Structure formats: C-alpha cells, structure tokens
Amino acid sequence: MPDQWRIQYDFNKSEKIVFRLGLTSFKHVGVFPEQAVNWEYIYENVKSISKKVEKPKVLNLFAYTGGSSLAAKAAGADITHLDSIKQVVSWARENMELSNLDDIRWLVEDAMTYVKREVKRGKRYHGIILDPPAFGHGPNGENWKLEEMINEMMKCVSELLEPENSFLVLNTYSLGFSSLIIKNLIEEHFEKRASSAEIGEIYLQATSGVVLPLGVVARICLRLGLLKGLKKIPINTNYTFFPDQAYLKRLFIILT
Ligand SMILES: C[S@@+](CC[C@H](N)C(=O)[O-])C[C@H]1O[C@@H](n2cnc3c(N)ncnc32)[C@H](O)[C@@H]1O
C-alpha cells in the first residue's frame, strides 16, 4: 500500500474535488467519506443562495482537511476555513490546489475565540458548518469540550447566521450526544427562524446488515417568505442520512 494516494469526489461532470490521503500517526487518512452527504447539502445550498446573493459567505469551523470548504468553494462561495492545527490547514490547502480551486481564507485559530470575536464585530455568514470533536485544543492550548461548550457555540452561531438565504450544518460524533440533544439545541437557538430543519444519524450498513453509527447531523435552511405563520421548526427527527450507493458511486480512487 502506498503511503499517499488521491481520491476524487464528483458533484457532476465538471465539478469535482480532490483529496490527497495518507497514513498518519493520529490514525486518520484525511477524509471522512460519509461526510459526502453533507458536501452535497452544502454544494446545493450555496448554488441556490448564489441565485439571490453574489458569492455567499460561508464559515467552516473545525474544518480538518477541507471537504466541506471545497464543496462550498466548488459551488461558488466565499469561504473561510478554520482549524486549530497548522499542518491540517496546510493539508486542506493542498487539497484545494489539487481540486483546481483557489482563494480560500485559511485560519489557524481556536473556533470558540474566533466566533466570539466575529459576533463582537457584527459579522454575518450565509452558511456555517461545524464538525466539532468531543475534545480538542486551540493553537494556544484553549480547551474545547463539546458537552460544556456547544450551547455557547450555537448561541454565537445563531447570531452570525444571516436571517435569510442561509444554512447551517452541525455534525457531531460523540457517543454521548443523542439526536434529541441536538434537536433541543436547534430549537433553542433557531426556533421560529428556520424554514426547514432535519436531524438524523449518518451511518454505514455492513454487508452483514449491522449498522455502524457515524454521528448525528442537524441541517437547517433559512429562506425568506417560507417563515410566515411558523410557530415551531418542523423538525423531522426520523430523517436518516446515509452514504448509499448514489454517493459512493461519485467517490473514486485516482490511480497515478
Ligand atoms: C472531527 S474533525 C472534523 C472533520 C471534518 N469536518 C471533515 O469531515 O473532514 C475535528 C477538527 O477539529 C479541529 N479542532 C479541535 N479543536 C479545535 C479548536 N478548539 N478550534 C478549532 N479547531 C479545532 C481538529 O484539529 C480537527 O481537524
């Protein structure tokens, strides 16, 4: 097996993103392929918002090697990519270049510190994507603890998100974090604002039939005109996403 290899994900015939993968000491290879279901959502939302807003602004927090940033960029967003590890941000930049994309804003920062600062500055984004780990560290040793800090993070995110023509993707992979906790968080911070919301589990099904849980995801859209008369978000908690064959068929290993 080579130390490094490439994969490609096709949104359609002309728009593709490329990742350089490799074996690492931290036991990741550089991509979480099940996130393809979120890349599709991000790509579609940026395309649809672009019909009303020139270059929608998207913020990707805890952004790792950049799958979601590349999806947003491929669809035409003005994207800010933030992660606390410099080498991981360099890896994401390499993926951008391999994907023939450019002009992503790279930040090596602590996610919580950054969103608080953006709230103070009165900044707004059309899309916010978060895939926070259960525990993590900022570049200056700042602690990130999902269970203790996600509420404050979502409060800041709700202030940063444009009130219309916007979307949010919150992905969590922590066995102690149920879809009901995510539902409560979304209702607390986005109730009466979202025009559509869906919460579900991402999973893969083995050929034996056993289902491997890969995280809980919440996705919401805020669109003008659809809100009238809504008292509560119509959250569909039965919604289940999974990378079925349609998604996996778009993922290729590049032979060099
Ligand atoms: C689970 S990965 C995200 C996976 C990625 N979204 C994807 O699907 O490709 C979590 C990322 O959060 C970063 N991280 C951890 N603590 C952080 C913090 N306090 N601020 C910013 N990024 C942090 C890690 O470096 C890691 O790249």
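Since the structure is predicted, the reported quantities are computational estimates derived from the model, not experimental observations.

### Here we look at the overall build of the protein
(1) Moving on: Looking only at helices and strands, one finds seven helices and 13 strands in the protein.
(2) Moving on: For the protein, the proportion of its 256 residues judged to be buried stands at 39%.
(3) Moving on: Counted over contacts in the protein with a minimum sequence separation of 6, partners at least 24 positions apart contribute 71%.

### Remarks on the pairing of strand 2 (residues 16-22)
(1) Moving on: Judged by which residues are buried, strand 2 turns out to be one-sided: Ile17, Phe19 and Leu21 face inward and are buried, whereas Lys16, Val18, Arg20 and Gly22, on the alternate face, are not.
(2) Moving on: Note that strand 1 (residues 4-10) and strand 2 share seven bridges and pair antiparallel. In the sheet register, Asp10 faces strand 2, and the bridge partner there is Lys16.
(3) Moving on: Hairpin connection between strand 1 and strand 2: a loop of five residues separates the two successive antiparallel strands.

### Some remarks on the confidence of the model for the protein
(1) Moving on: On average, the protein scores 87 in pLDDT, and the residues at 70 or more come to 86%.
(2) Moving on: This model gives residues 225-233 a pLDDT under 50, and the stretch forms 11 contacts once residues within four places in sequence are excluded.

### Considering the site of the ligand
(1) Moving on: Neighbouring the ligand are 21 residues; Phe62, Tyr64, Asp131, Gly136 and Trp144 lie closest to it.
(2) Moving on: Going through the elements one at a time, helix 2 (67-74) and strand 7 (135-137) are the ones with two or more residues in the shell around the ligand.
(3) Moving on: Grouping the amino acids of the shell around the ligand by side-chain chemistry returns nine nonpolar, eight polar and four charged.

### Some words on the packing of helix 1 (residues 36-50) against helix 2
Packed helices, taken two at a time, are described by their axes: the angle between them and the distance between them.
(1) Moving on: Two elements in contact, helix 1 and helix 2, have axes whose closest approach is 8 Å; the angle formed by their N-to-C orientations is 30°. When the axis of helix 1 is compared with that of helix 2, the two are roughly parallel. As for the relative orientation of helix 1 and helix 2, their crossing is right-handed in sense. Judged by residue contacts, Asn38, Trp39, Ile42, Tyr43 and Val46 of helix 1 engage Gly67, Ser68, Ala71, Ala72 and Ala74 from helix 2.
(2) Moving on: Its residues placed into classes, the contact of helix 1 with helix 2 shows seven nonpolar, three polar and no charged.

### Observations regarding the pairing of strand 11 (residues 211-222)
(1) Moving on: With nine of 12 residues buried, strand 11 lies mostly within the body of the structure.
(2) Moving on: The pairing of strand 9 (residues 166-172) with strand 11 spans seven bridges and is antiparallel. Looking at the pairing, Leu170 lines up with Ala218 of strand 11.

### Focus: unusual backbone geometry
Leaving glycine out, the prevailing phi sign among residues is negative, and the prevailing peptide bond configuration is trans.
(1) Moving on: Unusually for a residue other than glycine, Phe62 sits at a positive phi of about 55°.
(2) Moving on: Tracing the sequence through the fold places Phe62 in the loop between strand 3 (57-61) and helix 2.
(3) Moving on: On the basis of neighbour count, Phe62 is assigned to the partly exposed category, with 18 C-beta atoms found within 10 Å.
(4) Moving on: Although it is not a glycine, Asp103 sits at a positive phi angle of roughly 65°.
(5) Moving on: If you trace the backbone, Asp103 turns up in the loop between helix 3 (86-98) and strand 5 (105-108).
(6) Moving on: A count of 8 C-beta atoms within 10 Å places Asp103 in the exposed class.

### A short note on the packing of helix 5 (residues 146-160) against helix 6 (residues 179-190)
(1) Moving on: As a packed pair, helix 5 and helix 6 sit with axes 10 Å apart at the nearest point and diverge in direction by 40°. In this structure, the crossing between helix 5 and helix 6 has a hand that is right-handed. In this structure, helix 5 contributes Ile150, Asn151, Met154, Lys155 and Ser158 to the contact, and helix 6 contributes Leu185, His189 and Phe190.
(2) Moving on: Among the residues making up the contact of helix 5 with helix 6, the classes are represented as four nonpolar, three polar and one charged.

Rules and cut-offs
- Residues numbered from 1 in each chain as written.
- Predicted model: local features only at pLDDT ≥ 70, side-chain atom pairs only at ≥ 80, totals over all residues.
- Helix = DSSP H or I, 4+ residues; strand = E, 2+ residues; numbered from the N terminus.
- Buried ≥ 20, exposed ≤ 12 C-beta atoms within 10 Å, placed from the backbone.
- Contact = placed C-beta atoms within 7 Å.
- Pairing = 2+ DSSP bridges.
- pLDDT = per-residue confidence, 0-100.
- Near = placed C-beta within 6 Å.
- Nonpolar A, V, L, I, M, F, W, Y, C, P; charged D, E, K, R; others polar.
- Axes fitted to C-alpha atoms, helices over the stretch in contact; angles between N-to-C directions.
- Parallel < 35°, antiparallel > 145°, perpendicular 65-115°, else oblique.
- Left-handed = near helix turned anticlockwise from the far one by under 90°.

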